[in-house]
Amino acid sequence: MEHQKVLVLDFGGQYNQLIARRVRDLGVYCDLKPCDMTLEEIKAYDPIGIIFTGGPNSVYEESSPHIAKEVFELGIPVFGICYGCQLTAYVLGGTVTHAMTSEYGKRELTIVKESPVLKDVPAKSICWMSHTDFVSEVPEGFTVLAKTDSCPATIFADEKRHIYGVQYHPEVVHSEYGNQVLKNFLYEVCHAAGDWTMSNFVAEQVAKLREKIADKRVLCAMSGGVDSAVAATLIHKAVGNQLTCVFVDHGLLRKYEADEVMRVFKDGLGMNLIKADCGEQFVGKLRGVTDPERKRKIIGEEFIRAFEKEAKAIGAVDYLVQGTIYPDVIESGKGKSAVIKSHHNVGGLPSVVDFKEIIEPLRDLFKDEVRKVGFELGLPRNVVMRQPFPGPGLAIRIMGEVTPEKLETLRDADFIFRDEIAKAGLDEKIWQYFAVITNSPTVGVMGDFRTYENVIALRAVTSVDAMTADWARIPYDVLERISTRIVNEVKHANRIVYDITSKPPATIEWE
Ligand code: XMP
């Protein structure tokens, strides 16, 4: 069955992905596409509604992205946000004015005219603005539906043609009824059926995968991460033991992590899961190596080699699974692809596996949807909500040379940190939290003796996409418990520091 689709045209705003996620969350499938999509392409896409995102430009600049007037004549409802609303007004003959000062932050929104798009929105509410230009005169046929003190046409519409312009950002949480307005556009204006749910997705994908794979063989590299775990489970549900999973344990995982992967997927789900124990090999290769980039490179190469060995033993397969997700495939509004994280874990695999085709069952999903699918498939919460963990593992959290002793110290310290964060109920509020072994031992005193041991740094950040991050404001008493436990329970650690740097200028990982 084909889903109804909404088209989100990306004009380069910073919240473009958030808009698409909100629409999906409201039960309607949508794609985020570059704003230079042609009229023919838009027609062929056949959306039930079109949303224009915000963007950094001004409609009067020559180089600004524009839109063909004919888009408004397709009979498809349009919802323009911020730059998208200014563009709507401009193209249809209204006036956009450059304000002397930018407006940024919360404003009181007052409704001046009822509309389907304002159903269940109170007469006054808070909206969140971020703009300089504004629509000072709406085009002919349009009426103002809501305003603020400084913005005369905050929401305007041509109800006959189902065209809406919204100056504020309904997609951000600071806009109190923003989600309601988006929902109204989808359900009251576009008459969406709400057919995008993760249980539908699972049922459809399983059927599709079953048909596509038929009696062929599939190979998947499992890392323990959310994406590969969900992708493998979905395929396992479709074709059972025609799927073979290979899990390379590079010996750089966190405490109990490798066992947990085996327990959940092999013992629990009965997956055909092969674990390659390569810890000694990896740590051996890392002996004496201190340069972070060298470390990463060695681990990446060694990983490919270890996987190749397993793949050879398995023999030729028909399909290789990759856990690619939607943010990796989106092209941004400026025509260039969005930043794609180099994921050494899977990047080099296709070259060493004898296979015919790659399958990417999560290619259409945002991360939060992948997690919902994980729950839908019955995976345990700690697997589904697992924090991001870098491919090179603990090696980039040990400054300088990686040794078995340091790995043990780090694992124990990190385990206590995670345990206390979970006990404090902060584990799903913090994006990533982990311990690091610095490369500078310090002097301490234990009983009556001098110690000269490792300084452990704690790193915890809040973030939405890992591109920027802020250090997490963990309460002092929680930090105190963590510190006391680590210096008491962990060998070779005598001092704890907390990293209070944002990204940028620092990165999340230390190496
Ligand atoms: P940085 O340290 O660059 O990290 O701020 C951003 C995010 O990426 C993760 N990270 C990696 N993930 N392979 C991965 O799969 C890697 O080599 C790698 N290096 C960093 C990091 O944990 C954070 O979530």
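Description of the structure in this document. The structure displayed is predicted, hence computed values, not measured ones. (Residues numbered from 1 in each chain as written. Predicted model: local features only at pLDDT ≥ 70, side-chain atom pairs only at ≥ 80, totals over all residues. Heavy atoms only, no water.)

Residues in contact with the ligand amount to 13 residues; listed here are only the nearest, Arg296, Gln432, Lys503, Ile508 and Glu509. Take Gly391: an N or O atom from its main chain is 3.2 Å from a nitrogen atom of the ligand. At 2.5 Å, a side-chain N or O of Glu509 approaches an oxygen atom of the ligand. Starting from 500 Å² of accessible surface for the ligand in isolation, the protein chains cover 87%. The residue makeup of the shell around the ligand, split by class, is five nonpolar, four polar and four charged. (Near = heavy atom within 4 Å. Polar contact = N/O pair within 3.5 Å; in protein donor to acceptor, adjacent residues only side chain to side chain. Areas by Shrake-Rupley, 256 points an atom, 1.4 Å probe, with all protein chains shown as cover. Nonpolar A, V, L, I, M, F, W, Y, C, P; charged D, E, K, R; others polar.)

Turning to the packing of helix 14 (residues 404-423) against helix 15 (residues 476-489), a few remarks are in order. At a closest axis distance of 9 Å, the pairing of helix 14 and helix 15 adopts a crossing angle of 150 degrees. By the angle between their axes, helix 14 is roughly antiparallel relative to helix 15. Between helix 14 and helix 15 the crossing geometry is right-handed. Residues Ala413, Ile416, Phe417, Asp419, Glu420, Ile421 and Lys423 of helix 14 lie in contact with helix 15, whose contacting residues are Val478, Arg481, Ile482, Arg485, Ile486 and Glu489. Partitioning the contact of helix 14 with helix 15 into residue classes produces seven nonpolar, no polar and six charged. (Axes fitted to C-alpha atoms, helices over the stretch in contact; angles between N-to-C directions. Helix = DSSP H or I, 4+ residues; strand = E, 2+ residues; numbered from the N terminus. Parallel < 35°, antiparallel > 145°, perpendicular 65-115°, else oblique. Left-handed = near helix turned anticlockwise from the far one by under 90°. Contact = heavy atoms within 4.5 Å.)

So, about the sheet that holds strand 2 (residues 29-34). A sheet is described by the order of its strands in space; here nine strands give the open sequence 2-1-3-4-9-8-7-5-6, paired in mixed fashion. Either end of the sheet is taken by a strand with one partner, and the two such strands are strand 2 and strand 6 (124-137). For this sheet the average axis-to-axis angle between neighbouring strands, irrespective of direction, equals 20 degrees. Note: strand 3 (residues 49-52) against strand 4 (residues 78-81), three bridges, orientation parallel. Each residue of the ladder has a partner; that of Ile51, found in strand 4, is Phe79. Together, strand 1 (5-10), strand 2, strand 3 and strand 4 form the strand contacts of helix 1 (residues 16-25), whose direction differs from that of strand 2 by roughly 160 degrees. (Pairing = 2+ DSSP bridges.)

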